[in-house]
Every structure is written in structure tokens, then in C-alpha cells.
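Examination of the molecular architecture
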Amino acid sequence: MNEQEELRAGLAEARRRAAERVAKREDGLRALTRARRSASDDDEHDPEGETLSAQWSLRAGLLADARETLRQADAALERLGRGEYGICRVCGGPIPPAQLEVRPFRESCVACG
Ligand SMILES: [Zn+2]
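In this report, we go over the structure that sits alongside the text. From a predicted model like this one, the values you see are computed outputs, not experimental measurements. (Residues numbered from 1 in each chain as written. Predicted model: local features only at pLDDT ≥ 70, side-chain atom pairs only at ≥ 80, totals over all residues. Heavy atoms only, no water.)

For the rest of this paragraph, the subject is the overall build of the protein chain. Within the protein chain, the secondary structure is distributed over 3 helices and 0 strands. Going from N to C terminus, the protein chain has its helices and strands arranged as α-α-α. Relative to its length of 113 residues, the protein chain is extended, with a C-alpha radius of gyration of 19 Å against a globular reference of 13 Å. Structurally, the protein chain occupies a C-alpha span of about 60 × 30 × 20 Å along its principal axes. In the protein chain, which comprises 113 residues, the proportion classed as buried is 28%. As presented, the protein chain carries roughly 7600 Å² of accessible surface, and 51% of it is formed by carbon and sulfur atoms. Side-chain charges of the protein chain comprise 19 positive and 21 negative groups, with the mean position of each set lying 4 Å from the other. (Helix = DSSP H or I, 4+ residues; strand = E, 2+ residues; numbered from the N terminus. Rg over C-alpha atoms; globule rule 2.2 N^0.38 Å. Buried < 20%, exposed > 50% of the residue type's maximum accessible area, 1.4 Å probe, protein only. Areas by Shrake-Rupley, 256 points an atom, 1.4 Å probe, with all protein chains shown as cover. Lys, Arg positive; Asp, Glu negative; His and termini not counted. Charge placed at Lys NZ, Arg CZ, Asp CG, Glu CD.)

Printed below as a string of C-alpha cells:
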């Protein structure tokens, strides 16, 4: 494998993991939505209902994070296809490999945020 192919394989694998996380969190949220619906049918002021609400907010946030990561993974693969992967979108300079190792989907260098 050349460097480009290795990069693509690495990004594709990271994208697959991100997609799995989204699916898992969607399932969790769906189950919780069902639990919450049946809890609020029983009694609106049921303390269990409030706990479920808090859990739901937390999980909805986690799902949004996972979706954002997946979007970034897709964008990174697209940039790789255009030969723009690893190039800062802001200053146009190369993003240091060490920074890409920490966050493979990053679109700008640390200096540009
Ligand atoms: Zn930059």
C-alpha cells in the first residue's frame, strides 16, 4: 500500500467506527424515547420520568456528537479524493502529521483552530 492508500484505509476504518457509534446511539435513544413515553403515560410528575428526561438530553447530545464525527469523516474522505486532505482550509498550509494523528478529520491546523 502506498501512503495515499494507507491514509484512505485508515480514514475509512475510522468512518466505519463513527457510523457504528451513530447507529448504536440512535438505538439507545429510541429505546429511551419509548421508556419515557410509557413513564409519562403513568404520571406526569413521576420522578422516574424526570430522570429519563435528563438521560435523554445527555444521550441526544452524544448522538449529535457522533453524527458530527461521521460528517467530518465523510468530509475528510472527500478531501482526500480531491488531494486536499491534510491541508489547512484556513491558511492553506500543511497540517502537521502529529496533529492529524490526534484528530484525523481535522480541517485546519492547530494555529488556525
Ligand atoms: Zn492553518
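Another aspect to go through is the coordination of the zinc ion. For the zinc ion, the protein coordination sphere consists of Cys-88 (SG), Cys-91 (SG), Cys-109 (SG) and Cys-112 (SG), at 2.3 Å. Here the zinc ion is ringed by 4 donor atoms whose angles at the metal span 102 to 118°, and the overall shape comes out tetrahedral. The sequence pattern formed by the donor residues of the zinc ion is C-x2-C-x17-C-x2-C. Residue Cys-88 is located in the loop between helix 2 (47-81) and helix 3 (97-102), and its partner Cys-109 is located in the segment after helix 3; the two are separated by 21 residues in the primary sequence. (Donors = N, O, S within 2.8 Å, 3.2 Å for Na, K, Ca; no water. Tetrahedral: all angles 85-135°; square planar, octahedral: opposite > 155°, others 65-115°.)

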